[in-house]
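Notes for the structure review
Below are the chains, spelled out letter by letter.
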Amino acid sequence: MYFIVGSFVCKKDVFELFSVGYQLLNMPHMYINGEWLNTDQQFTVTNPATGEILGSVCDGDQYHAKQAIDAAAAAFKPWSGATAYARSEVLQNAYALMIERKQALAELMTREQGKPLKAALNEVQYAADFLKWFAEEAKRVYGETIPSARADQRFMVRYQPIGVVAAITPWNYPISMITRKVAPALAAGCTIVLKSAEATPLCAIAVFEILHQAGLPAGVANLVTAFDPAPIGEEFCTNTKVKKLTFTGSTRVGKKLAQDAAPQLKRVSMELGGHAPFIVFDDADPVHAAKGASLVKFLNTGQACISPNRIFVQRGILDAFVQTFSDRVANMKVGNGLEAGVSIGPLVNEAAVRKVSRQVDDALDKGAILLNGGKPLSDGEHAAGHFYAPTLLSNVSDDMLIYREETFGPVAAIIPFDDYDQVIAMANDTHYGLAAYVYTQNLSRAMRAFEALNFGIIGINDINPTSAAAPFGGMNESGVGREGAREGLSEYLETKLGGFSI
Ligand code: NAD
């Protein structure tokens, strides 16, 4: 059964979730200048595990992007002029609301994006952490004074908000990728317009509903939902009122947006793709390392930018590592993330299933050994979703697509290696540079690897080197800038120097 309220159309359970959790009963979907706006054009949102249509949302266009930018520009002066304490309070309120709604938000996320409920609960907590962290940091944007070589001169540095920010976020972490941008922007005193991913607008609406209820003044944060992202991106890059573009998504789109923003020399932050090496030296416990590798590899069905794409295992422990890994994969349950025991959800769409299939088939053609999975799942309970069996390949080599291309799916590729220098060279042999992992009990080797790997985030015997308090971001073609931590706030600040002659 579908419910229709105004032009808001959705399934009964989603309707109840929204009406109970978010009071969206009479609210259509784009949030511009403090109001929930409607459009005649709508697009549908589908559950990737079941194929069910969850609802339909506004299909915004360039006009709406411009309208939202105008609202953000008008709101900039009062918001940047408010005290840091006032801005902090709104973010604290939003944190409290998000925690209060954690369960409902996680259920919505599982329906819309597909990740198992437990992972969705973790993501909502991670998303809320950014609201809290930046609520606290808002009060710590200190300037500095600098001694001058001239006795009659004083230098003072202050940090001030950049201005209107345009943000574009992906579907794989549909709530935390929003707060990771919105929270520091608002804390810094910027105003923002965000375009959510076309696959997950319902999560974005739920976040903006929280910001609205947290007491955010009109125009300070605005949401545009759209099926076709290109016109919105064009407006973001060309509108002179936008002073900064922040993007999380693929390297391909990030490069295009950076190019389009270049004529105005807009500030850009780019959180892009990855191709993480996971290195296991032979002094590591192979069982412990295999457990860690399998957990992080299959996180979010492999649809994570920090997902290991190449697992390098030193030959001495290869058999023990592979055996443990394979046993764990064999026990993974694939299905609808709302069902108990499911640890692997669907992929985002059929194109993603085809991409994974192509990489696996290519690897098998070129000599990889298939230990688990290796095919799409399309029968019975999996028939209506976009599922691919959790897959383990060994004997992977550098001539295979999977060795070079980001997989973004549930395929673990194991590559044997012999010595330290060889594996560091192999690990660095990529144009990406986001995350890397090293397992070793040798402190000196761990430190040398930490320094030698050209990646922005390195887990040493650790599969979760992320936190709102820690800088997240990549080197090389994995991006520009950092999110989270003090660095995440400075991305939204301009440095201004005053030279005072006294
Ligand atoms: P994508 O680049 O296709 O889409 C990301 C966002 O960009 C979406 O909102 C989409 O609508 C928008 N977009 C696409 N084309 C656009 C255009 N021409 N103009 C403006 N916006 C446009 O990426 P995806 O497939 O949705 O996300 C997966 C990618 O994101 C992976 O490569 C992954 O590694 C990366 N990612 C990176 C991080 C990070 O922090 N580094 C985090 C999550 C995801």
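These notes cover the structure that comes with them.

Rules used throughout
- Residues numbered from 1 in each chain as written.
- Predicted model: local features only at pLDDT ≥ 70, side-chain atom pairs only at ≥ 80, totals over all residues.
- Heavy atoms only, no water.
- Helix = DSSP H or I, 4+ residues; strand = E, 2+ residues; numbered from the N terminus.
- Buried < 20%, exposed > 50% of the residue type's maximum accessible area, 1.4 Å probe, protein only.
- Phe/Tyr/Trp six-rings, centres within 6.5 Å; stacked < 30°, edge-to-face > 60°.
- Lys NZ or Arg CZ within 6 Å of the ring centre and 35° of its normal.
- Pairing = 2+ DSSP bridges.
- Axes fitted to C-alpha atoms, helices over the stretch in contact; angles between N-to-C directions.
- Contact = heavy atoms within 4.5 Å.
- Parallel < 35°, antiparallel > 145°, perpendicular 65-115°, else oblique.
- Left-handed = near helix turned anticlockwise from the far one by under 90°.
- Nonpolar A, V, L, I, M, F, W, Y, C, P; charged D, E, K, R; others polar.

Regarding unusual backbone geometry
With glycine set apart, most residues show a phi of negative sign, and most peptide bonds adopt trans. In this model, N461 sits at a positive phi of 55 degrees, which is unusual for a non-glycine residue. Here N461 shows up in the loop between β22 (457–460) and β23 (479–480). Given a relative accessible area of 30%, N461 falls into the partly exposed group.

Quick notes on the packing of aromatic side chains
Evaluated as defined, the whole model comprises twelve aromatic pairs. Relative to Y403, the ring of F312 lies with its centre 6.3 Å away and its plane at 80 degrees, an arrangement referred to as edge-to-face. Note that F312 is positioned in strand β15 (residues 308–314) and Y403 in helix α13 (residues 401–404), a separation of 91 residues in sequence. For the residue pair F312 and Y403, the accessibility class agrees, reading buried in each case. Ring pairing ties together the aromatic residues Y31, W36 and F208, which thus form one cluster. The residue whose ring lies beneath R180 is F472, and the NZ or CZ to ring-centre distance is 4.1 Å. Lying over the aromatic face of F281, R445 brings its terminal NZ or CZ to 4.9 Å of the ring centre.

Points about the sheet that holds strand β14 (residues 276–280)
The strand order across the open sheet formed by seven strands is β16-β19-β20-β15-β14-β21-β22, and the pairing between neighbours is mixed. Since the sheet does not close on itself, it has two edges, and those belong to β16 (369–372) and β22, each with one partner. Neighbour-to-neighbour, the strand axes of this sheet turn through a mean angle of 20 degrees, independent of strand direction. Where β14 and strand β21 (residues 435–439) come together, three bridges link them in parallel fashion. Bridging across to β21, F278 finds its partner in Y437. Those strands touched by helix α10 (residues 286–297) are β14, β15, β20 (411–417) and β21, and its axis lies near 165 degrees from that of β14.

A look at the packing of helix α3 (residues 84–100) against helix α5 (residues 117–137)
Packing of α3 against α5 leaves a shortest axis separation of 8 Å and a crossing angle of 160 degrees. As judged from the angle between their axes, α3 and α5 are roughly antiparallel. Along this stretch, α3 crosses α5, giving a crossing that reads as left-handed. Touching S88, L91, Q92, A94, Y95, M98 and I99 of α3 are V124, Q125, A127, A128, D129, L131, K132, F134, A135 and E136, all from α5. Of the residues assigned to the contact of α3 with α5, the class counts are eleven nonpolar, three polar and three charged.

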